Amino acid sequence: MHIAASPETVFDIVAAPYLGKTPRAMQSKLRVLERGSDMVVAAHYTPVGPLTVTTAETVRFERPERISFRLVRGPVPHVLERFELHSAGEGTELEYVGELGADLWRLGQWWADRVARPWEHAVKRSLASIQSEAERRAPAPAR
């Protein structure tokens, strides 16, 4: 995804609710359980149909090029995600990489297929929000 803002601005948008005070508007989606200087443990709340799924993840920050997520507790045994930020002209290329793994053979595959769809929708909503906020905060181009 191309974002018309610097990698530093995009990084700050993603990192702020984890490393700083979580905004009131995000408190129904995110709760930081433990905070360090470059890593947090956070609970994420994701609506899935009539239910809300709670996951716990470690989130590691490598300024300004990478933010990595690792599932600690959730509906599947293995999830790794990361945002890679690359300078691209006047903006940033944000590359999202996600990996979901299951056990229990066919039953696990069936369950992973059910979990993957809402997970992908949640990621798309997050990326759109990151893009919108970063571009809103970016300085106007020089004339």
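Residues numbered from 1 in each chain as written. Predicted model: local features only at pLDDT ≥ 70, side-chain atom pairs only at ≥ 80, totals over all residues. Heavy atoms only, no water.

J.: Pulling in residues and values, what's your account of the environment of E95?
T.: Examined against the element boundaries, E95 turns out to sit in strand β7 (residues 91-101). Discounting chain neighbours no more than four positions away, the residues touching E95 are R82, F83, E84 and H86. (Helix = DSSP H or I, 4+ residues; strand = E, 2+ residues; numbered from the N terminus. Contact = heavy atoms within 4.5 Å.)

J.: Before we move on, can you summarise the sheet that holds strand β6 (residues 78-88) with the specific residues and values?
T.: Strand order in this open sheet of seven strands is β1-β7-β6-β5-β4-β3-β2, and the pairing throughout is antiparallel. Because the sheet does not close on itself, it has two edges, and the strands there are β1 (2-3) and β2 (30-35). Two elements, β1 and β7, share two bridges in a ladder whose sense is antiparallel. Each residue of the ladder has a partner; that of H2, found in β7, is E93. Relative to the sheet, helix α2 (residues 105-137) contacts β1, β3 (39-48), β6 and β7, its axis offset from that of β7 by approximately 165°. (Pairing = 2+ DSSP bridges. Axes fitted to C-alpha atoms, helices over the stretch in contact; angles between N-to-C directions.)

J.: Give a description of the nonpolar core that names residues and reports values.
T.: Grouped together as the largest cluster of nonpolar side chains are 29 residues, with contacts concentrated most on V10, Y18, F61, L94 and I130. Excluding residues that lie within four positions of it along the chain, F61 makes contacts with F11, A15, Y18, L19, D38, M39, V40, R66 and I67. (Core = buried A, V, L, I, M, F, W, Y, C linked by side-chain atoms within 4.5 Å. Buried < 20%, exposed > 50% of the residue type's maximum accessible area, 1.4 Å probe, protein only.)

J.: Describe the packing of aromatic side chains, listing the residues and the values that go with them.
T.: Under the criterion given, the structure shown has six aromatic pairs. On the basis of an interplanar angle of 65° and a centroid distance of 6.2 Å, the ring pair of Y18 and F69 is categorised as edge-to-face. One end of the pair, Y18, is in helix α1 (residues 7-19); the other, F69, is in strand β5 (residues 66-73), with 51 residues separating them in the sequence. Accessibility expressed as a relative area gives 9% for Y18, which makes it buried. Ring centres 5.8 Å apart and planes at 55° place the aromatic pair F83 and Y96 in the tilted group. Taken together, the residues F83 in strand β6 and Y96 in strand β7 connect sequence positions 13 residues apart. One aromatic cluster is present, formed by F11, Y18, F61, F69, F83 and Y96 through successive ring pairs. (Phe/Tyr/Trp six-rings, centres within 6.5 Å; stacked < 30°, edge-to-face > 60°.)

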